[in-house]
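# Structural characterization, general
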Amino acid sequence: MSANAHTPELTIALILFALFESLRLQEIRFSEGALREGAIYDLLGRIHQEDTREMSIRGLQERFHSQVQRNQGVARWAEHFFMTAAASWPLHDGHRQWLRWAALTHDIGLDIAHSGFHKHGEYVWRNADIAGFSRREQGVVAALVRTQRKRLPGLVQLRALGIAAEDVVALQQLAVLLRLAILFHRGTAPLATPPGLTVSGKKLLLALPPQWSTEMPLMAADLEQEQEWVTPDFHLQW
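Residues numbered from 1 in each chain as written. Predicted model: local features only at pLDDT ≥ 70, side-chain atom pairs only at ≥ 80, totals over all residues. Heavy atoms only, no water.

### Focus on the overall build of the chain
- When helices and strands are counted, the chain shows 11 helices and three strands.
- Long-range contacts, defined as pairs at least 24 residues apart, comprise 68% of the intrachain contacts of the chain with a sequence gap of at least 6.
- Carbon and sulfur atoms make up 55% of the accessible area of the chain, which amounts to about 13500 Å² in all. (Helix = DSSP H or I, 4+ residues; strand = E, 2+ residues; numbered from the N terminus. Contact = heavy atoms within 4.5 Å. Areas by Shrake-Rupley, 256 points an atom, 1.4 Å probe, with all protein chains shown as cover.)

### Side note on the side chain of Ser-66
- Locating Ser-66 in the fold gives a position in the loop between helix H3 (52-63) and helix H4 (68-85).
- In this structure the side chain of Ser-66 is engaged in a polar contact, spanning 2.9 Å, whose partner is the side chain of Asp-107.
- Those residues in contact with Ser-66 that lie beyond four places of it in its chain are Gln-61, Asn-71, Leu-104, Asp-107 and Ile-108. (Polar contact = N/O pair within 3.5 Å; in protein donor to acceptor, adjacent residues only side chain to side chain.)

### Some remarks on the packing of aromatic side chains
- The final tally for this structure, using the stated rule, is five aromatic pairs.
- Their ring planes at 80 degrees and their centres at 4.8 Å tell us that Trp-101 and Phe-133 sit as a pair that is edge-to-face. Of this pair, Trp-101 sits in helix H5 (residues 93-105) while Phe-133 sits in the loop between helix H6 (117-127) and helix H7 (135-146), and the two are 32 residues apart along the sequence.
- Overall, Phe-133 belongs to the buried group, its relative accessible area being 9%.
- For the ring pair Trp-125 and Phe-133, a centre distance of 5.1 Å and an interplane angle of 85 degrees mean the geometry is edge-to-face.
- Grouped by ring-pair contacts, the aromatic residues Trp-77, Phe-81 and Phe-184 constitute a single cluster. (Phe/Tyr/Trp six-rings, centres within 6.5 Å; stacked < 30°, edge-to-face > 60°. Buried < 20%, exposed > 50% of the residue type's maximum accessible area, 1.4 Å probe, protein only.)

### Observations regarding a nonpolar patch on the surface
- A surface patch of nonpolar side chains, amounting to about 350 Å² of accessible area, comprises Leu-19, Leu-23, Leu-25 and Ile-28.
- Along the chain, Ile-28 turns up in the loop between helix H1 (8-23) and helix H2 (37-47). (Patch = residues over 30% accessible without salt bridge, like charges linked within 9 Å, V, L, I, M, F, W, Y side chains within 5 Å. Salt bridge = Lys/Arg side-chain N within 4 Å of Asp/Glu carboxyl O.)

### What about helix H11 (residues 217-230)?
- For H11, with 14 residues, the first-to-last C-alpha span of 20 Å sits near the 20 Å given by 1.5 Å per residue.
- The set of residues buried in H11 consists of Met-219, Ala-220, Leu-223, Glu-226 and Val-230. Down the axis of H11, the buried side of the element spans an arc of 120 degrees, and every buried residue falls inside it. Counted as exposed and oriented over 90 degrees from the buried face of H11: Leu-218 and Glu-224.
- Where the residues of H11 are buried, they touch helix H9 (168-183), strand E2 (203-207), helix H10 (212-215) and strand E3 (235-237). (Expected span 1.5 Å × (residues − 1). Arc of directions from axis to C-beta.)

### Some points on the pattern of salt bridges
- By the definition in use, this model includes 11 salt bridges.
- Asp-167 is paired through a salt bridge with Arg-136; the nearest N and O atoms lie 2.7 Å apart. In this pair, Asp-167 sits in the loop between helix H8 (155-160) and H9 while Arg-136 sits in helix H7, placing the two residues 31 residues apart along the sequence.

### Details of the pairing of strand E1 (residues 196-200)
- Alternating positions in E1 separate cleanly, Leu-197 and Val-199 being buried on one face and Gly-196, Thr-198 and Ser-200 remaining unburied on the opposite face.
- Pairing analysis gives five bridges linking E1 to E2, with the strands arranged antiparallel. By the bridge assignment for E2, Val-199 is matched with Leu-204.
- Where E1 folds back onto E2 in an antiparallel hairpin, the turn is made up of two residues, including Gly-201, whose phi is positive at roughly 65 degrees. (Pairing = 2+ DSSP bridges.)

### Examining the sheet that holds E1
- In spatial order, the strands read E1-E2-E3; together these three strands make up an open sheet with mixed pairing. The open sheet terminates on both sides in strands that have one partner only, identified here as E1 and E3. The average undirected angle you get between the axes of adjacent strands in this sheet is 15 degrees.
- Helix-sheet contacts for H11 involve E2 and E3, and the interaxial angle to E3 is about 160 degrees. (Axes fitted to C-alpha atoms, helices over the stretch in contact; angles between N-to-C directions.)

### Some thoughts on the packing of H5 against H9
- Interhelical geometry of H5 versus H9 gives an angle of 45 degrees and a closest axis separation of 10 Å. With respect to H9, the element H5 is oriented oblique. At the point where H5 passes H9, the crossing takes the right-handed sense. In this structure, H5 uses His-95, Trp-98, Leu-99, Ala-102 and Ala-103 to contact H9, whose residues at the interface are Ala-170, Leu-174, Leu-177 and Leu-178.
- Here the residues of the contact of H5 with H9 sort into eight nonpolar, one polar and no charged. (Parallel < 35°, antiparallel > 145°, perpendicular 65-115°, else oblique. Left-handed = near helix turned anticlockwise from the far one by under 90°. Nonpolar A, V, L, I, M, F, W, Y, C, P; charged D, E, K, R; others polar.)

### Thoughts on the pairing of E2
- The two faces of E2 differ: Leu-204 and Leu-206 on one face are buried, but Lys-203, Leu-205 and Ala-207 on the other face are not.
- Where E2 meets E3, three bridges bridge the pair, whose relative direction is parallel. Following the sheet pairing, Lys-203 is matched in E3 by His-235.

By themselves, these figures tell us nothing about what the structure is for.
Written out as structure tokens, the structure reads:
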């Protein structure tokens, strides 16, 4: 084995040794409130030129048999909607990451049960030991996975899911964008390109191609249902 072919365990051991040496530590003790291995995994990912969180996302997709290709499409459309909405809503790159992670793993609950799969996906995100992610990140992605279907929770309901006060408004906005991206990927014949989106406060206006409602009646019905589910917090039109 070459000097550079370190196993993850050996790399972690070397990092800990360097920390002891540089900080002149004598001992370390386990604590539930400490960073624990999260910071080490983050450093390990940087050493290998890869975000540990991306490896964890792929691990979740593989373990729970996600539709990877379809979900990549959902993530691209979600980002398309995000870039438009960010001009009106105070969203930043961290929010974009939350949306992407949720889009890529929104279907992991299906591997547990079809009934209430969004709740199963939320449970996995909230309770699994997912390397590289902070508890805050896991909590917000869990909430996004939970809110992908049925009636959109209000801000008070999101707080009840354990979301911090400073995150609830952005999370609710991200949930709407995620729901739209997923909706347009249902069925076997989605739109070729994402529709235009205009955002003004709580109003969202979709620019859909002519005759789309007659050519895609199921999608039209889904949009009408979505319009009802996001009311009164948002007003969806097309």
